[in-house]
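In case you want the letters, here they are:
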Number of protein chains: 2
Amino acid sequence: MANFYSPRDLNFQLFENIDLSKITDIPYFSDHSKENFELVLEAAKEIAERKLHPLLTEMDRKEPQLKDGSILIHPGMKEIVRQFGEDGWINATFSYDEGGQQLPWTIHLAAGYILQAANYSSSVFPFLTTGAANLIRSFGSKAQIDRFTPKMYSGQWQGTMALTEPDAGSSLSDLTTQAIPTEEEGTFLIKGQKIYISCGDHDACENVVHLLLARIKGAPAGTKGISLFIVPKLNPESGEPNDVTTEGLYHKMGYKGAPIAHLMFGSNEACKGYLVGEANHGLKYMFQMMNEARLGVGMNAVAIATAAFHASLAYAKERPQGRKLGEKNLSQPQVKIIEHADVKRMLLFQKSITEGTLALLIYCSWLSDQVTHDKDFETRKKRESLLDLLTPIAKSFPSEMGLQTTSAAVQVLGGAGYTTDFPVEQYYREARIHPIHEGTTGIHGLDLLGRKVIQNDGLGWKELMKEMQKDLIKAKSFPELKTQCVKFESAIQEVNTCLQKQLGKAQKGPEVFLADATLFLEVNGILCVSWMWLRQAATSIQALKNSSDKDFYQGKITTAEYFMEYELPKIQGLISRLNSETFPTIKMKESEF
Amino acid sequence: MANFYSPRDLNFQLFENIDLSKITDIPYFSDHSKENFELVLEAAKEIAERKLHPLLTEMDRKEPQLKDGSILIHPGMKEIVRQFGEDGWINATFSYDEGGQQLPWTIHLAAGYILQAANYSSSVFPFLTTGAANLIRSFGSKAQIDRFTPKMYSGQWQGTMALTEPDAGSSLSDLTTQAIPTEEEGTFLIKGQKIYISCGDHDACENVVHLLLARIKGAPAGTKGISLFIVPKLNPESGEPNDVTTEGLYHKMGYKGAPIAHLMFGSNEACKGYLVGEANHGLKYMFQMMNEARLGVGMNAVAIATAAFHASLAYAKERPQGRKLGEKNLSQPQVKIIEHADVKRMLLFQKSITEGTLALLIYCSWLSDQVTHDKDFETRKKRESLLDLLTPIAKSFPSEMGLQTTSAAVQVLGGAGYTTDFPVEQYYREARIHPIHEGTTGIHGLDLLGRKVIQNDGLGWKELMKEMQKDLIKAKSFPELKTQCVKFESAIQEVNTCLQKQLGKAQKGPEVFLADATLFLEVNGILCVSWMWLRQAATSIQALKNSSDKDFYQGKITTAEYFMEYELPKIQGLISRLNSETFPTIKMKESEF
């Protein structure tokens, strides 16, 4: 029934390629077991198949509406929002004390992947509430936690992240929303506007709790003067409106089921906000959460790409068209299009990207779980640096490649793929958001090259190289992987030489140094996914010997070969550009376009 | 006012980069002049700005409707369809005898580019009528020409191409629509169904004239048994229905303003069709027209990409966000995003692809005009072979790259680009059709490598190399282009070596030979656009010396540099794959996905 992802592959990723059952050695997870994790995934599959997927098309066709200042969403979504709360999805990773299940984040993210693949729009609602609640429990006071989180956990209240303003999108340092102290300690009057607020208002929840960035009057300019506030739509006790008004609803190309609002705060000077943690530390708090959110967005991208891949795969297995090349006998029936090498190329492209980036995201979430619970300072620092380095890659590469893989899915279906009779055109539209939100690809390029490869004396990069070498040595023990190992090893060297050249450019100023940071990000995306495929190929060769599931493992090995043959060589053109010393993008003047 | 294309660039392409005024040396065009051509382009700009562009968004939001078996299109389109006829756009290239203007096809295509950039959906209507009328005048009898074409030229009747069937899309040899001879000579009873028929039915015209492929009862199997018929919706004289019914209307991701129909022919055994030319020659006739149609689709793709480029360019010039890298002073105002190198990279990417592929299409249409009117057999044969070779490239490369450039346009706008408040998301959706219709990219890959580079003892390829060398020699005379010439020359060599390796693989059978034909097509797309940029750069260096329009020409030279630096190197990864001797796409089994 689940035709939007492969349960078999997800199981492989979690329990074979990474042995996640070992995570129960960590005391926080000691009540859990592999069986238990599988039950969680099974529950996600159940709600995805029975509730989310059936609404996929309808939520796209019947967009939310703004009526009398309120946003009305698809009625079917109301029950789902509530169920996400009741079934414990929102606070699953939190401690027992908080009513959570102490679930590894890896399992939570994997379950999320199933929900997102089934219906991306609907998965956004709990995802945001979890993020907002997590900010409160991490940095808020006990009183704030008690006041706001229980109804967020239960799905009665929606959580949001309110960052962007009309003049402050990528440049958060320019935000101008004001917070004016009141007589009541910790309570401020908020005044300003926020745009692009996902789930910023809707009628499936009783209240909306905004985690909002603003400047306390008199705070320093730039990012050092930004504070974090809890701003509820309604007063939690009285239920009275808190002067938060919905100014507009954005209509967008895709994931139409999730409402994106333009909100006004304090138009009547009566919007109360509650300071979270210390004044002027807001951006630091937000970023701590944003790393998880970024991996989350990477996973969203993988999920949509996965659904598109499986839709096109199913079509290719059923649709007859043409004959094998060289077949002249027209009385022969047409063959299924999956028999054409060019169609298989488009399917292998999708499989290699979706399963390769899924492996990367799962690896990152596993790292995140380790970092959160690791007792050893040195190990934690290393893993944290590695995770910090991988985050911009794991957010951006799946997002950018998702555009190309969902496009390949459309192409496999041909004319049918362009019509609304099949879901691939919707996936193509939905995938387009991911290179934009939670930091554009350009921003993540700057983050990787301008910050992450340098900080802590390059510790993150050193760790990455160490981990790649470890897996390379293992892979070399399999003669079947000889060619792949040669290709991967030489790619590692090329990328390292390239990195040294980039660092050399830093002397020429930040513009020259970072002009092609986006390309450097892409190179590393390709390199990391090659690494993930080498791991998967090695795991599969081992498994093949004692398994009856030979097709699955052989498919993995051939897909790894595909990636090394077709995708990895793309770093050549990128590196040749990165190593150049002429800079047309800097030289070009506005008037010359 | 025209913010969807650059009149300055189009003028450069036509009258500087190619000296089109010389075409008036050909007797057929001798009444024309450069001024005259400019008037035609000005007229296109006028209707595009005043009529087409204002309806762009509305035609997307208010889709055609199927009501009581008839398709109703946007009311505003009715006036435009009629005006296309009245103003002489439909038969502009035809002879004076036929009521045409003997306009070069190059100018007609360039005018079409303006219309398509303004509103792609609306441009489809006359484009199809021209194609259908062209088939009748080229292969039909005088009686057929007199009976059908006048009202097509005047825009009163719509023309279509009716090829695709549910079981015959890419594989035309499998089409099953039947034509049964009647007592009346040349008249047949048609029975079958056709899908994806663009403008197959609508209420802006009085009649629809289908140019339909079918099999005469008893005809040979495959492509050798396909004949071409004229099948009107209504009897031209009596106005009675001709048993053509509209079974369905497709809803699609983009270019929603143009209705795409599912049609039934002869459900009541009363659908009359009129044989065009000789029986069983239908596919040959159709293909003669299809080459022009394919260049037309390439141009559509360029046009949409151009509109998206200019929309994102305008936004980048206006939108302030962030500061130059390294600027720490936050009291400085934010800069326009066009000042960021990464944004300029996305704009240069779009400029280089759109203006580079526009140059390629104009070059091809110029070749086509020469071929049509050339008196010298040898020259004609050479140019025809070159045009045949370039056609799959000129159709597919702009189509495939249009996906990436319209995506870059969305990215430049960020969150705003994903909303329906700006047209870029619409361009992104509309562009997705081009790699599919008039032959998918995969089909054109097979055409290029499996047919075009081989036929006539490789004459087309030899001509291509000769022309590239000619321009290379010229470019070498400019010291400013030294680096670019070195890069281009070495690319030519690499592509030739790659071609030899591919031809070597032919011995291993067609599947091995053609498995990566799509990649070979992409390599040649990049090479040809590099060539076009070298030409444009050389033209611009010359012009720069005596012009006050220095920014325009300097922009061209820097964009050429951009292409050689960022895009041309991409052939390295593709060629490295093409030269490989392992074939994962052939090896992979259906059960292994």
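Basis of the calculations
Residues numbered from 1 in each chain as written. Chains lettered and ligands numbered in written order. Predicted model: local features only at pLDDT ≥ 70, side-chain atom pairs only at ≥ 80, totals over all residues. Heavy atoms only, no water. Helix = DSSP H or I, 4+ residues; strand = E, 2+ residues; numbered from the N terminus. Rg over C-alpha atoms; globule rule 2.2 N^0.38 Å. Contact = heavy atoms within 4.5 Å. Areas by Shrake-Rupley, 256 points an atom, 1.4 Å probe, with all protein chains shown as cover. Lys, Arg positive; Asp, Glu negative; His and termini not counted. Charge placed at Lys NZ, Arg CZ, Asp CG, Glu CD. UniProt positions renumbered as here; feature names shortened; annotations may be inferred. Buried area = accessible area lost by both parts, 1.4 Å probe. Salt bridge = Lys/Arg side-chain N within 4 Å of Asp/Glu carboxyl O. Polar contact = N/O pair within 3.5 Å; in protein donor to acceptor, adjacent residues only side chain to side chain. Nonpolar A, V, L, I, M, F, W, Y, C, P; charged D, E, K, R; others polar. Pairing = 2+ DSSP bridges. Buried < 20%, exposed > 50% of the residue type's maximum accessible area, 1.4 Å probe, protein only. pLDDT = per-residue confidence, 0-100. Phe/Tyr/Trp six-rings, centres within 6.5 Å; stacked < 30°, edge-to-face > 60°. Lys NZ or Arg CZ within 6 Å of the ring centre and 35° of its normal. Least-squares fit on C-alpha atoms with pLDDT ≥ 70 in both. Disulfide = S-S within 2.5 Å. Domains from an automatic or database assignment. Axes fitted to C-alpha atoms, helices over the stretch in contact; angles between N-to-C directions. Parallel < 35°, antiparallel > 145°, perpendicular 65-115°, else oblique. Left-handed = near helix turned anticlockwise from the far one by under 90°.

Looking at the overall build of chain A
Logical step 1: Tallying secondary structure elements over chain A gives 20 helices and ten strands in all.
Logical step 2: Its C-alpha atoms give chain A a radius of gyration of 24 Å, within 12% of the compact-globule value 25 Å for 593 residues.
Logical step 3: Once the C-alpha set of chain A is aligned to its principal axes, its extents read approximately 80 × 60 × 60 Å.
Logical step 4: Within chain A, contacts between residues at least 6 apart in sequence are counted, and of these 75% link residues at least 24 apart.
Logical step 5: On chain A, roughly 20900 Å² of surface is accessible, and the fraction owed to carbon and sulfur atoms is 51%.
Logical step 6: In chain A, 63 side chains carry a positive charge and 71 a negative one; their mean positions are 5 Å apart.

Looking at the UniProt feature "domain: Acetyl-CoA dehydrogenase-like C-terminal" (unreviewed entry) in chain A
Logical step 1: In the numbering used here, UniProt assigns the "domain: Acetyl-CoA dehydrogenase-like C-terminal" (unreviewed entry) feature to residues 465-587 of chain A.
Logical step 2: For residues 465-587 of chain A, helix accounts for 82% and strand for 0%, while the C-alpha atoms at its two ends are 35 Å apart.

Concerning the interface of chain A and chain B
Where the parts come together, the accessible area they lose is often given as the size of the interface.
Logical step 1: With 95 residues of chain A in contact, the opposing surface of chain B contributes 95 residues.
Logical step 2: Summing both partners gives a buried area of about 8200 Å² for chain A against chain B, and 57% of it is carried by carbon and sulfur.
Logical step 3: Here chain A and chain B share eight salt bridges between them.
Logical step 4: A salt bridge links A:Asp174 to B:Arg323, with the nearest nitrogen and oxygen atoms 2.7 Å apart.
Logical step 5: For the interface between chain A and chain B, the tally reads 53 residue pairs in polar contact (both at pLDDT 80 or more).
Logical step 6: Top element by residues in the side of chain A that touches chain B is helix α18 (residues 550-567) of chain A. It accounts for nine residues.
Logical step 7: Classifying every residue of the side of chain A that touches chain B by side-chain character gives 36 nonpolar, 32 polar and 27 charged.

Brief notes about the pairing of strand β4 (residues 178-181) of chain B
All names here are of chain B.
Logical step 1: Relative to strand β5 (residues 187-198), β4 runs antiparallel, the two sharing four bridges. Looking across to β5, one finds that Gln178 is bridged to Lys191.
Logical step 2: In textbook terms, the turn of a hairpin is the stretch between consecutive antiparallel strands, and for β4 and β5 this stretch comprises five residues, one of which, Gly186, has a positive phi near 80 degrees.
Logical step 3: Alignment of β4 against strand β6 (residues 207-216), held across two bridges, turns out to be parallel. Within β6, the position partnered with Ala179 by the bridge is Ile216.

Looking at the pattern of salt bridges
Residues and elements named next belong to chain B.
Logical step 1: Applying the stated rule across the entire model yields 77 salt bridges over all chains.
Logical step 2: The salt bridge involving Arg535 is made with Asp471; its shortest N-O contact spans 3.1 Å. Within this pair, whereas Arg535 is found in helix α17 (residues 517-545), its partner Asp471 is found in helix α14 (residues 455-476), the two being separated by 64 residues in sequence.
Logical step 3: Here Lys476 and Glu489 are joined by a salt bridge, their closest N and O atoms 3.0 Å apart. Of this pair, Lys476 sits in helix α14 while Glu489 sits in helix α15 (residues 482-505), placing them 13 residues apart in sequence.
Logical step 4: On the basis of relative accessibility, which here comes to 26%, the residue Glu489 falls in the partly exposed class.

Let's talk about the confidence of the model for chain A
Logical step 1: Model confidence for chain A is summarised by a mean pLDDT of 96, while 100% of its residues fall at 70 or above.
Logical step 2: For this predicted complex, the interface confidence reaches an ipTM of 0.98, while the overall pTM sits at 0.98.

Considering the packing of aromatic side chains
Logical step 1: Scanning all chains against the criterion turns up 37 aromatic pairs over all chains.
Logical step 2: On the basis of an interplanar angle of 85 degrees and a centroid distance of 5.3 Å, the ring pair of A:Phe552 and A:Tyr553 is categorised as edge-to-face. In this structure, A:Phe552 and A:Tyr553 share a single accessibility class: buried.
Logical step 3: Note on B:Tyr315 and B:Phe422: the rings are 5.6 Å apart at their centroids and 90 degrees apart in plane angle, and the pair reads as edge-to-face. Of this pair, B:Tyr315 sits in helix α8 (residues 282-318) while B:Phe422 sits in the loop between α11 (415-418) and α12 (424-431), and the two are 107 residues apart along the sequence.
Logical step 4: B:Tyr315 gets classed as buried once you look at its relative accessible area, which sits at 16%.
Logical step 5: Taken together, the ring pairs connect A:Phe4, A:Tyr5 and A:Tyr113 into an aromatic cluster.
Logical step 6: If you follow A:Arg147 out to its NZ or CZ, it ends over the ring of A:Tyr274, 4.6 Å from the centre.
Logical step 7: It is B:Lys252 that lies over the ring of B:Tyr255; its NZ or CZ is 4.7 Å from the centre.

Details of the relation of the copies chain A and chain B
Logical step 1: For the pair chain A and chain B, the relating rotation is 180 degrees, the translation along its axis is 0.0 Å, and the fit reaches an RMSD of 0.0 Å. A rotation of that kind, with that shift, is consistent with a two-fold axis.
Logical step 2: Looking at the interface residues of chain A, 100% of them are also at the interface in chain B, so both copies use one shared face.

Quick notes on the side chain of A:Gln102
Logical step 1: Mapping A:Gln102 onto the fold places it in the loop between α4 (75-86) and α5 (105-118).
Logical step 2: Residue classification places A:Gln102 among the buried residues on the basis of a relative accessible area of 11%.

Concerning the environment of B:Thr223
All names here are of chain B.
Logical step 1: If you trace the backbone, Thr223 turns up in the loop between β6 and β7 (227-232).
Logical step 2: On the basis of relative accessibility, which here comes to 37%, the residue Thr223 falls in the partly exposed class.
Logical step 3: The sequence separation of Thr223 and His281 amounts to 58 residues, and the corresponding C-alpha distance is 8.9 Å.
Logical step 4: Here Thr223 is in contact with Ser173 and Leu283, once residues within four sequence places are set aside.

A look at the state of the cysteines
Logical step 1: The tally for this structure, following the rule as stated, stands at zero disulfides over all chains.
Logical step 2: Among the cysteines around B:Cys498, which has no disulfide bond, B:Cys528 carries the closest sulfur, lying 14 Å off.

Comments concerning the domain arrangement of chain A
Residues and elements named next belong to chain A.
Logical step 1: Splitting chain A by domain gives domain 1 (7-153), domain 2 (158-279) and domain 3 (441-593).
Logical step 2: When each unit is reduced to the centre of its C-alpha atoms, the spacing between domain 1 and domain 2 is 24 Å.
Logical step 3: Residue-level contacts link 31 residues of domain 1 with 36 residues of domain 2.
Logical step 4: Interface area lost by domain 1 to domain 2 is led by Ile71, Arg147 and Phe148, which between them contribute 21%.
Logical step 5: The tally of links from domain 1 across to domain 2 stands at three salt bridges.
Logical step 6: With a closest N to O distance of 3.1 Å, Asp203 and Lys78 form a salt bridge.
Logical step 7: Inspection of the domain 1/domain 2 interface yields 13 residue pairs in polar contact (both at pLDDT 80 or more).
Logical step 8: Only α3 (56-61), β1 (65-67), β2 (70-72), α4, α6 (120-139) and α7 (142-153) provide two or more residues apiece to the side of domain 1 that touches domain 2.

Observations regarding the environment of B:Lys252
Logical step 1: Here B:Lys252 lies in the loop between β8 (244-249) and β9 (260-265).
Logical step 2: You can call B:Lys252 buried: its relative accessible area is 5%.
Logical step 3: As a C-alpha pair, B:Lys252 and B:Thr354 span 102 residues in sequence and 25 Å in three-dimensional space.
Logical step 4: Discounting chain neighbours no more than four positions away, the residues touching B:Lys252 are A:Tyr418, A:Thr419, A:Thr420, B:Glu63, B:Ala258 and B:Ile260.
Logical step 5: At 2.7 Å, the side chain of B:Lys252 and the backbone oxygen of B:Ala258 are in polar contact.

Considering the packing of helix α10 (residues 377-413) of chain B against α12(B)
All names here are of chain B.
Logical step 1: In the contact formed by α10 and α12, the axes pass within 9 Å of each other and the chain directions differ by 165 degrees. It follows that α10 is roughly antiparallel to α12 by the angle criterion. For the pair α10 and α12, the crossing hand works out as left-handed. Side by side, α10 and α12 meet where Gly402, Leu403, Thr406, Ser407, Ala409, Val410 and Leu413 of the first sit next to Val424, Glu425, Tyr427, Tyr428 and Ala431 of the second.

A word on the UniProt feature "domain: Acyl-CoA dehydrogenase/oxidase C-terminal" (unreviewed entry) in chain A
Logical step 1: The UniProt entry lists residues 280-446 of chain A under the feature "domain: Acyl-CoA dehydrogenase/oxidase C-terminal" (unreviewed entry), expressed in the numbering used here.
Logical step 2: Between the C-alpha atoms that bound residues 280-446 of chain A there is a distance of 24 Å. The span itself is 75% helix and 0% strand.

Things to note about the environment of A:Met77
Residue and element names in this part refer to chain A.
Logical step 1: Relative to the helices and strands, Met77 is located in helix α4.
Logical step 2: Sequence spacing of Met77 and Phe125 is 48 residues, and the spatial spacing of their C-alpha atoms is 9.5 Å.
Logical step 3: For Met77, the residues in contact, after removing those within four places along its chain, are Leu55, Met59, Phe84, Ser122 and Phe125.

Brief notes about the side chain of A:Asn300
Logical step 1: Within the secondary structure, A:Asn300 sits in helix α8 (residues 282-318).
Logical step 2: A:Asn300 has contacts with A:Gln116, A:Tyr120 and A:His434, leaving out every residue within four places of it along the chain.

Regarding the pairing of strand β5 (residues 187-198) of chain A
Residue and element names in this part refer to chain A.
Logical step 1: Where β5 and strand β10 (residues 272-276) come together, three bridges link them in antiparallel fashion. Among the inter-strand pairings, Leu189 is bridged to a residue of β10, identified as Lys272.
Logical step 2: Judged from the five bridges that link them, β5 and strand β9 (residues 260-265) form a sheet pairing that is antiparallel. When the bridges of β9 are listed, Gly192 appears paired with Phe265.

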